[in-house]
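Structural characterization, general
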Amino acid sequence: MPENRELTYVEALREGLRQVMEKDESVFLLGEDIGVYNGAFGVTAGLLEEFGEERVRDTPISEAAIAGACLGASLTGMRPVGEIMFMDFVALSLEQLALQAAKVRFMFGGKTKAPFVLRMPAGSGTGAAAQHSQSLENWLVHVPGLKVVMPSNAYDAKGLLIASIYDDNPVIFVEHKLLYGTKSHVPEESYEVPLSQSRVVREGSDLTIIATSLMVHRSLEAAVQLSEEGIEIEIIDPRTLNPLDDETIIKSVVKTSKALIIHEAVGTGGYGGEIAARIASSEAFDYLEAPIRRLTGLDIPIPYNRTLEYHAVPQVENIVVEARKLSRGEY
Amino acid sequence: MSKTKTKTRKTEDLSQAMLKQIGESTAREMLNMMILIRAFEEKADELYILGLTHGTMHLSIGQEASAVGASYAVRRGEDYLLNHHRGHGHALSWGSEINLMMAEFLGKENGYCRGRGGSMHIADIERNNLGANGIVAGGIPIAPGVGVSIQLRKTDQLCLCLFGDGAANEGAFHESLNLASIWDLPVIYFCENNQYGMSMSVDRAFNIERISDRACAYNIPGETVDGNDPLAVYDAVFRAAERARAGKGPTLIEALTYRWKGHSKSDPQSYRTRDEVKEWQRKDPIPRFAAVLEGAGMLDEDMLKAMRDEAEQKVDQALAFAEASPEPDIATIMEGVYA
């Protein structure tokens with residue numbers, strides 16, 4: 001197998017699904033247009049032909065029933081993987097996720113489990129405007145009993161997806177539309193990236209950036225530019241938002257003494273607040289040489305206009321400016 | 001076009017036919033179960049009045065026939081049950097242990113849900129009772145998933161999905177019935193129409209004659225039965241079960257019944273008259289079914305009294321068990337959030 005084998009994020013997800021389905025009869029897929037249409041973003045292309053319509057199920061436009069069906073099947077011995085076409089539509093599944101799936105285990109005294117994955121693409125940048133561009137991960141992070149996973153590259157996408165399918169909890173698997181075409185090294189064999197392990201994406205000594213999903217890439221680009229100025233950024237990708245491995249983050253901030261949190265979702269009530277609070281209430285507080293800063297999506301619905309949309313969420317140049325200021329103590 | 005029908009067979013003919021099908025001992029067991037449910041619910045009510053319970057509860061007094069008729073028509077403990085918030089009777093009927101139910105009702109560690117669920121969330125996973133639900137229509141979208149699972153695992157089980165009249169007006173009802181219909185899923189949608197969603201009467205909440213009329217929208221059979229007659233309920237559910245197990249898909253059954261008590265413990269019942277309640281109490285399903293069995297020579301006064309005494313004993317023993325049971329340990333509070 002070539003060491004440098006590269007796949008796109010979409011191909012990596014598809015390969016993960018295929019490998020698990022080949023091995024495990026209890027895994028099946030359901031969602032809107034995932035069969036003959038190949039999925040709105042092509043993730044499930046070819047799987048209908050390979051596994052048949054019993055295991056690759058096109059559903060009507062019924063997001064509550066998709067989530068409910070995932071739950072019902074998972075309670076009775078299956079490991080379904082559902083797809084919500086755009087993360088925005090998870091609003092229509094929330095009752096089943098937040099009030100049912102997240103609660104069944106605890107509410108029934110720990111005597112049952114609900115092992116399913118619900119995949120959904122988040123993010124702006126496609127001109128799809130306010131109802132098809134949101135990053136709503138924090139809605140789900142706020143519900144104990146759900147796990148929330150957010151892969152930022154093809155390698156993690158495959159490994160985290162396989163780990164999520166074999167996890168015995170409901171997992172909300174948040175993909176990003178602008179990441180689907182990005183490539184990285186992906187081993188051919190089936191492998192798991194364990195949940196709840198943050199990853200140090202880049203090492204540096206001057207500032208820690210904690211970034212999720214697409215923002216990991218933009219932070220990396222910014223870090224390369226800042227490196228030319230002599231500023232070395234450390235980048236942490238939490239990968240699993242809940243339950244969070246905050247030790248890796250805290251350790252990094254102890255080292256760099258400065259923290260910048262970056263996500264595409266709106267700032268108010270966003271995940272960055274949680275990370276900031278964890279840093280501030282940890283031993284890293286004593287090491288902080290600057291306020292913990294956040295760079296997030298603006299508190300607005302995503303606009304349609306290309307220029308406005310561009311400015312609604314953090315871009316590389318915003319990260320460069322913010323990181324430079326913070327590392328120089330200008331805030 | 002509508003396949004919906006309201007039962008027109010004469011009750012007496014139906015009773016005779018059904019008693020023959022069910023057999024004498026099961027018929028008596030069903031009456032016995034109705035009496036046990038009544039005793040459990042009356043004790044629950046009493047415990048609340050005495051201030052011995054924590055939180056709310058929803059009593060099913062007056063609705064025992066539909067719980068028992070539905071459960072006994074399927075394979076209790078082998079098939080799957082999705083229960084609703086007024087679910088004590090269904091859980092008992094499904095074969096759950098009264099001691100563990102009472103312990104859960106009192107929030108004890110050895111209750112069905114280790115005291116974490118309480119009255120509204122009793123589940124008995126070993127018996128495939130997937131739990132009572134505090135959200136109106138909350139269990140309805142889960143049912144197609146259970147159905148798909150049964151289909152993919154190729155068993156001949158089914159899912160009995162219980163809900164009330166109020167749930168039929170939630171959007172989830174539509175999504176679920178449509179999905180079950182297009183995939184021919186082995187689901188029985190069993191609507192207990194007890195005439196009120198809290199204070200909202202079905203007359204005000206629906207503009208159709210029968211909730212089962214909605215079945216035609218999914219091209220599945222719909223049927224309305226006398227929910228205070230366990231044999232009529234059994235008959236309809238049994239036929240729906242045969243259809244489900246034969247791979248022919250779901251059925252919508254509406255059982256007409258009445259909730260004697262308030263919606264929950266804090267209901268002043270200003271939305272209905274005492275006369276209306278009394279009128280339904282005259283249709284009490286327990287003496288009515290007892291009379292059917294007596295008429296068929298399957299029951300006498302002594303047997304009936306023995307059933308009542310035994311039920312009271314069981315409930316008292318369950319309460320003693322529950323009272324003697326331990327409280328959950330605070331150190332375990334975080335357990336069970338994640339597997």
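Residues numbered from 1 in each chain as written. Chains lettered and ligands numbered in written order. Predicted model: local features only at pLDDT ≥ 70, side-chain atom pairs only at ≥ 80, totals over all residues. Heavy atoms only, no water.

Right, let's get into the overall build of chain A. In terms of helices and strands, chain A carries twelve helices and 14 strands. Computed over its C-alpha atoms, the radius of gyration of chain A comes to 20 Å, within 12% of the 20 Å expected for a compact globule of 331 residues. Taking the principal axes of its C-alpha atoms as reference, chain A extends roughly 60 × 45 × 45 Å. Counting every position in chain A, which comprises 331 residues, the buried fraction comes to 62%. The contacts of chain A with a sequence gap of at least 6 include a subset with a gap of at least 24, amounting to 82%. Across chain A, the 30 positively charged side chains and the 47 negatively charged ones have centroids separated by 2 Å. (Helix = DSSP H or I, 4+ residues; strand = E, 2+ residues; numbered from the N terminus. Rg over C-alpha atoms; globule rule 2.2 N^0.38 Å. Buried < 20%, exposed > 50% of the residue type's maximum accessible area, 1.4 Å probe, protein only. Contact = heavy atoms within 4.5 Å. Lys, Arg positive; Asp, Glu negative; His and termini not counted. Charge placed at Lys NZ, Arg CZ, Asp CG, Glu CD.)

This brings us to the packing of helix H5 (residues 98-105) of chain B against helix H12 (residues 301-324) of chain B. Residue and element names in this part refer to chain B. Two numbers describe how H5 lies on H12: the axes approach to 8 Å, and their chain directions differ by 50°. Relative to H12, the element H5 lies oblique. Helix-helix and strand crossings are classified by hand; for H5 and H12 the assignment is right-handed. Counting all contacts with H5, which are made through Ile98, Asn99, Leu100, Met102 and Ala103, the residues of H12 involved are Lys314, Val315, Gln317, Ala318, Leu319, Phe321 and Ala322. Among the residues making up the contact of H5 with H12, the classes are represented as nine nonpolar, two polar and one charged. (Axes fitted to C-alpha atoms, helices over the stretch in contact; angles between N-to-C directions. Parallel < 35°, antiparallel > 145°, perpendicular 65-115°, else oblique. Left-handed = near helix turned anticlockwise from the far one by under 90°. Nonpolar A, V, L, I, M, F, W, Y, C, P; charged D, E, K, R; others polar.)

Glancing now at the environment of Phe108 of chain A. Note that Phe108 of chain A resides in the loop between helix H5 (104-107) and strand E5 (117-122). On the basis of relative accessible area, Phe108 of chain A is assigned to the buried category, the value being 3%. Sequence-distant contacts of Phe108 of chain A, that is, excluding residues within four places in its chain, are made with Lys103 of chain A together with Tyr112, Cys113, His121, Ala123, Ile125, Leu130, Gly131 and Ala132 of chain B.

All names here are of chain A. Mapped onto the fold, Asp167 is located in the loop between helix H7 (154-166) and strand E7 (171-176). At 2.9 Å, the side chain of Asp167 and the side chain of Lys147 are in polar contact. A distance of 2.7 Å separates the side chain of Asp167 from the side chain of Asn169, its partner in a polar contact. Residues contacting Asp167, with those up to four places away along its chain left out, are Arg79, Pro115, Lys147 and Leu195. (Polar contact = N/O pair within 3.5 Å; in protein donor to acceptor, adjacent residues only side chain to side chain.)

On inspection of all chains with the given rule, the structure shows 39 salt bridges over all chains. For Arg75 of chain B, the salt bridge is made with Asp156 of chain B, and the minimal N-O distance between the two is 3.0 Å. Placement of the pair is Arg75 of chain B in the loop between helix H3 (64-72) and strand E2 (80-82) and Asp156 of chain B in the loop between helix H6 (142-153) and strand E3 (159-164), with a sequence separation of 81 residues. The class of Arg75 of chain B is partly exposed, set by a relative accessible area of 33%. The class of Asp156 of chain B is partly exposed, set by a relative accessible area of 40%. For Asp124 of chain B, the salt bridge is made with Arg127 of chain B, and the minimal N-O distance between the two is 2.8 Å. By relative accessible area, which is 22% here, Arg127 of chain B ends up partly exposed. Taken together, the shared-partner salt bridges connect Arg5, Glu15, Lys158 and Glu188 of chain A into one network. (Salt bridge = Lys/Arg side-chain N within 4 Å of Asp/Glu carboxyl O.)

On to the packing of aromatic side chains. As enumerated under the stated definition, the model contains 13 aromatic pairs over all chains in all. Relative to Tyr180 of chain A, the ring of Tyr9 of chain A lies with its centre 5.8 Å away and its plane at 65°, an arrangement referred to as edge-to-face. Taken as a pair, Tyr9 of chain A in helix H1 (residues 9-23) and Tyr180 of chain A in the loop between E7 and strand E8 (183-185) lie far apart in primary sequence, 171 residues in all. Comparing Tyr9 of chain A with Tyr180 of chain A, the two get one shared label, buried. By way of ring pairs, the aromatic residues Tyr9, Phe41, Phe86, Phe89 and Tyr180 of chain A are connected into one cluster. Sitting above the plane of the Tyr72 of chain B ring, Arg76 of chain B keeps its charged end 3.9 Å from the centroid. (Phe/Tyr/Trp six-rings, centres within 6.5 Å; stacked < 30°, edge-to-face > 60°. Lys NZ or Arg CZ within 6 Å of the ring centre and 35° of its normal.)

To continue, consider the interface of chain A and chain B. Contacts between chain A and chain B engage 41 residues on the former and 38 residues on the latter. Each partner contributes to the roughly 3200 Å² buried at the junction of chain A and chain B, and carbon and sulfur atoms together form 66% of this total. Sorting the residues of chain A by area buried against chain B places Thr76, Phe106 and Phe108 of chain A first, and these three jointly supply 20% of that buried surface. Counting the contacts that link chain A with chain B gives zero salt bridges. One can count 18 residue pairs in polar contact (both at pLDDT 80 or more) joining chain A with chain B. Counting only elements with at least two residues in the side of chain A that touches chain B, the list comes to strand E3 (56-58), helix H3 (63-75), helix H4 (94-101) and H5 of chain A. When residues in the side of chain A that touches chain B are grouped by element, the largest group, nine residues, is from H3 of chain A. (Buried area = accessible area lost by both parts, 1.4 Å probe.)

Attention now goes to the sheet that holds E5 of chain A. Residue and element names in this part refer to chain A. With respect to topology, seven strands assemble into an open sheet ordered E3-E2-E4-E5-E7-E6-E12, the strand pairing being mixed. Each end of this open sheet is capped by a strand with a single partner; those strands are E3 and strand E12 (240-242). Sheet twist, expressed as the average angle between the axes of neighbouring strands with direction ignored, equals 20°. Sheet analysis places strand E2 (residues 29-31) next to E3, joined by three bridges and oriented parallel. Residue pairing in the sheet places Gly31 in a bridge with Asp58 of E3. The strands touched by H1 within the sheet are E2, E3, strand E4 (81-83) and E7, with E7 carrying the most contacts at an inclination of about 150°. Running over the sheet, H7 touches E4, E5, strand E6 (147-149), E7 and E12 and is turned about 165° from E7. (Pairing = 2+ DSSP bridges.)

Taken together, the side chains of Glu294, Asp300, Glu301 and Asp302 of chain B make up a negatively charged region of the molecular surface. Looking at the element boundaries, Glu301 of chain B is found in helix H12. (Patch = residues over 30% accessible without salt bridge, like charges linked within 9 Å, V, L, I, M, F, W, Y side chains within 5 Å. Areas by Shrake-Rupley, 256 points an atom, 1.4 Å probe, with all protein chains shown as cover.)

All names here are of chain A. When cut into domains, chain A gives domain 1 (6-185) and domain 2 (199-327). On a C-alpha basis, the centroid separation for the pair domain 1 and domain 2 is 26 Å. On the domain 2 side, the residues contacting the 26 residues of domain 1 number 24 residues. Of the roughly 2000 Å² buried between domain 1 and domain 2, counting both surfaces, carbon and sulfur atoms make up 54%. Three residues, Asn138, Met150 and Ser152, lead the burial of domain 1 against domain 2; their summed loss comes to 23% of the area buried on that side. At the junction of domain 1 and domain 2, the tally comes to one salt bridge. Between Asp156 and Arg239 there is a salt bridge, with its nearest N and O atoms 3.0 Å apart. (Domains from an automatic or database assignment.)

It is worth spelling out the layout of surface pockets at this point. Residues and elements named next belong to chain B. Approximately 330 Å³ is the volume found for the largest pocket. As for the largest pocket, its lining consists of 24 residues, and the residues nearest its centre are His85, Val136, Gly164, Gly166 and Ala167. At the level of elements, E3 and strand E5 (196-197) are the ones that each hand at least two residues to the lining of the largest pocket. The element that contributes the greatest number of residues to the lining of the largest pocket is E3, accounting for three residues. Residue classes in the lining of the largest pocket are distributed as nine nonpolar, twelve polar and three charged. (1 Å grid on protein atoms, 1.4 Å probe; cavity = no way out; pocket = protein on both sides within 12 Å on 5 of 7 lines; lining within 4 Å. Points joined across faces, edges and corners; volume = space filled by probe spheres on them.)

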